[in-house]
Amino acid sequence: MELTRKEEKALQGEYGDGLKLAYKILVAIGNANNATKLIPTKWAHISGVNFNTIGEAGVKFLSQLNKETKVKVTTTLNPMGFDSKKDNKISEDFKFNQLSIINSYLSLGVKPSFTCIPYEIFDLPKKGEIVSFAESNAAVFVNSILGIKSNKESSLSSLASAITGKTPYSDLLINELRRPSVSIKPEIDIKTESDFGLLGYFAGKIANDICVGLEMNSESLDIINSKAISAGIGTSGMCGMFTNKINDCEKISFGKPEITDVKDDLNTAEKGDLIVFGSPQLGLHELNMLGHLTEGKKFKKPCMVFCPRSVTECNKEMINKLRKAGADITCDSCTCLTPLITKNDYDSIITNSIKCAYYMKHSNKIDVSLKDMKSIIKEYCE
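About the cut-offs
Residues numbered from 1 in each chain as written. Predicted model: local features only at pLDDT ≥ 70, side-chain atom pairs only at ≥ 80, totals over all residues. Heavy atoms only, no water. Helix = DSSP H or I, 4+ residues; strand = E, 2+ residues; numbered from the N terminus. Pairing = 2+ DSSP bridges. Buried < 20%, exposed > 50% of the residue type's maximum accessible area, 1.4 Å probe, protein only. Axes fitted to C-alpha atoms, helices over the stretch in contact; angles between N-to-C directions. Parallel < 35°, antiparallel > 145°, perpendicular 65-115°, else oblique. Contact = heavy atoms within 4.5 Å. Nonpolar A, V, L, I, M, F, W, Y, C, P; charged D, E, K, R; others polar. Core = buried A, V, L, I, M, F, W, Y, C linked by side-chain atoms within 4.5 Å. Expected span 1.5 Å × (residues − 1). Polar contact = N/O pair within 3.5 Å; in protein donor to acceptor, adjacent residues only side chain to side chain. Salt bridge = Lys/Arg side-chain N within 4 Å of Asp/Glu carboxyl O. Disulfide = S-S within 2.5 Å.

Some points on the environment of K166
Part 1 of the reasoning: You can see K166 is positioned in strand β5 (residues 166-168).
Part 2 of the reasoning: Separated by 44 residues in sequence, K166 and I210 place their C-alpha atoms 21 Å apart.

Below is the structure:
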């Protein structure tokens, strides 16, 4: 991979240890992915914020970054492990380490956004611009829906891009590679957000490339369904983009047997102890939908709703309706790997999220009853 003279000097440590480490990370990743050079990036979105995700090694790594090291581009953060403005039944050790992580990022100049849906919160760069997004659903969404270019980054690579303002020129950043080699053709009516999520999960597992084709009308892809597909794809494989612009490529059917197999893999319980919404976090559209569905009703089981704090602040009327229905609104966090939902407290949960179902099953070891939002409200509200 070719570097400019300034990049070589940074790699040799002439501009400080922080930049040296960041360039070492990018060069290693670039060489592994056959990148020819580093190119400027407009925005970085960092994962690896939750203490359950990066552990003590991550806490130590972040704390040891040179205090003079700062991010060079706009940089936002994924959710952390708990809502810092609420009482949380989690250990003091977790709180201490989580806050250490946050303080390290703040010292770098990172925006404390604590959201996995930056595309619903911020004015992102224009179509065709380069970003470095580590949150998988966000990377898939901006590539597929907004036409912004990002590879599916790791927490380290997105942090390195934030510090340098650069990213390796490879994969989905190259126009010629943003084409599918396989396409999925739905043979059944895809109606609910959970159906779209299952389609995405199937597509992510099937696709062996960075882009997958979906033979469907773009009119059905509102923001809720697009998020569900993006989260499904981001969860199940390495694919970072979907498109309905399909040329000659292998065609794979997605019918009743396929959707049944995928759902059976994730749906491991008939009932649940807790209702969970928010993986990805709920934005304005989903909160409005949930609020209208629950208006004048009460949840018959405990319900947790995960959403960005900025969304709650600009939609207080709907948030109040959900609280009256019995929902516990949790900000700055999300369902994945949170210590707020553990096997010690719950044997099974109820959710409409394919991503939540996957991580609850595989990471939290909790069984899942998977249903769409309307079905959940119909069954568990009165």
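Next comes the rest of the description.
Regarding the sheet that holds strand β6 (residues 182-186)
Part 1 of the reasoning: Judged by pairing direction, the sheet is parallel, and its 4 strands sit side by side in the order β8-β7-β6-β9 without closing on themselves. Looking at strand neighbours, the two that pair on one side only are β8 (242-243) and β9 (250-254), the edges of this open sheet.
Part 2 of the reasoning: Bridge analysis of β6 against β9 gives 5 bridges, and the strand direction is parallel. Bridge pairing links K185 to S253 in β9.

A few points about unusual backbone geometry
With glycine set apart, most residues show a phi of negative sign, and most peptide bonds adopt trans.
Part 1 of the reasoning: Note the cis peptide between S279 and P280, where omega equals 5 degrees.
Part 2 of the reasoning: If you check the backbone angles, N34 has positive phi at about 60 degrees while not being a glycine.
Part 3 of the reasoning: Residue placement: N34 occurs in the loop between α2 (17-32) and β1 (38-40).
Part 4 of the reasoning: For N34, a relative accessible area of 68% gives the class exposed.
Part 5 of the reasoning: One non-glycine residue with positive phi stands out, namely D332, at about 65 degrees.
Part 6 of the reasoning: Relative to the assigned elements, D332 resides in the loop between β12 (327-330) and β13 (348-351).

A closer look at the packing of helix α9 (residues 223-236) against helix α14 (residues 354-362)
Part 1 of the reasoning: At a minimum axis separation of 8 Å, α9 and α14 run at an interaxial angle of 30 degrees. With respect to their mutual orientation, α9 and α14 come out roughly parallel. Mapping the contact onto sequence places A231, G232 and T235 in α9 and I354, K355, Y358 and Y359 in α14.
Part 2 of the reasoning: In the contact of α9 with α14, the residues fall into 4 nonpolar, 2 polar and 1 charged.

A short note on the sheet that holds strand β2 (residues 43-46)
What links the strands of a sheet is backbone hydrogen bonding, and the strands pair in either a parallel or an antiparallel sense.
Part 1 of the reasoning: Reading across the sheet, the 3 strands line up as β3-β2-β4 and stay open at both edges, with parallel pairing between neighbours. Because the sheet does not close on itself, it has two edges, and the strands there are β3 (74-77) and β4 (132-133).
Part 2 of the reasoning: Where β2 meets β3, 4 bridges bridge the pair, whose relative direction is parallel. Of the residues in β3, the one forming a bridge with W43 is T74.
Part 3 of the reasoning: Along the sheet face, helix α7 (residues 155-164) touches β2, β3 and β4 and points at about 145 degrees away from the line of β2.

What to know about the nonpolar core
Part 1 of the reasoning: With 73 residues, the main nonpolar core has Y105, I184, V212, I341 and I349 as its most contacted residues.
Part 2 of the reasoning: Beyond its immediate chain neighbours, meaning those up to four positions away, V212 contacts P180, V182, I184, A203, A207, I233, C239, M241, F242 and T243.
Part 3 of the reasoning: Counting residues in hydrophobic clusters, the runner-up holds 21 residues, among them I275, V305, I319 and C381.

Focus on the packing of helix α8 (residues 193-206) against helix α10 (residues 256-266)
A pair of packed helices is captured by two measures, namely the crossing angle of their axes and the spacing between those axes.
Part 1 of the reasoning: One can describe the packing of α8 onto α10 by two numbers: an axis separation of 10 Å at closest approach and a directional angle of 95 degrees. Considered as vectors, α8 and α10 are oriented roughly perpendicular to each other. Note on element contacts: α10 touches α8 through E258, I259, V262, K263, D265 and L266, opposite D195, L198, Y201, F202 and K205.
Part 2 of the reasoning: By residue class, the composition of the contact of α8 with α10 is 6 nonpolar, no polar and 5 charged.

Topic: α9
Part 1 of the reasoning: Counted at 1.5 Å a residue, the expected span for α9 with its 14 residues is 20 Å, and the 20 Å between its end C-alpha atoms agrees.
Part 2 of the reasoning: With respect to burial, α9 is a largely interior element, 13 of its 14 residues being buried.
Part 3 of the reasoning: Where α9 begins, the side chain of D222 points an oxygen toward the backbone nitrogen of I224, at a separation of 3.2 Å.

What to know about the pattern of salt bridges
Part 1 of the reasoning: By the definition in use, this model includes 13 salt bridges.
Part 2 of the reasoning: The partner of E286 in a salt bridge is K227, with the nearest N and O atoms 2.7 Å apart. With E286 in helix α11 (residues 284-294) and K227 in helix α9, this residue pair connects regions lying 59 residues apart in the sequence.
Part 3 of the reasoning: Looking at K227, the relative accessible area reads 1%, which means it is buried.
Part 4 of the reasoning: In this structure, the salt-bridge partner of K321 is E295, at a minimum N-O distance of 3.3 Å. Here K321, found in helix α13 (residues 316-324), pairs with E295, found in the loop between α11 and β11 (303-306); they are 26 residues apart in sequence, far enough to count as distant.
Part 5 of the reasoning: Three or more residues are tied together by salt bridges with common partners; here these are D83, R309 and D332.

Quick word on the state of the cysteines
Part 1 of the reasoning: The full count for this structure, using the stated rule, is 0 disulfides.
Part 2 of the reasoning: Cysteine C249 is unpaired, with the sulfur of C211 as its nearest cysteine sulfur at 9.1 Å.
Part 3 of the reasoning: For C249, a relative accessible area of 16% puts it in the buried group.
Part 4 of the reasoning: With no disulfide partner, C334 has as its closest neighbouring cysteine sulfur the one in C336, 4.1 Å distant.
Part 5 of the reasoning: We classify C334 as buried; its relative accessible area is 9%.

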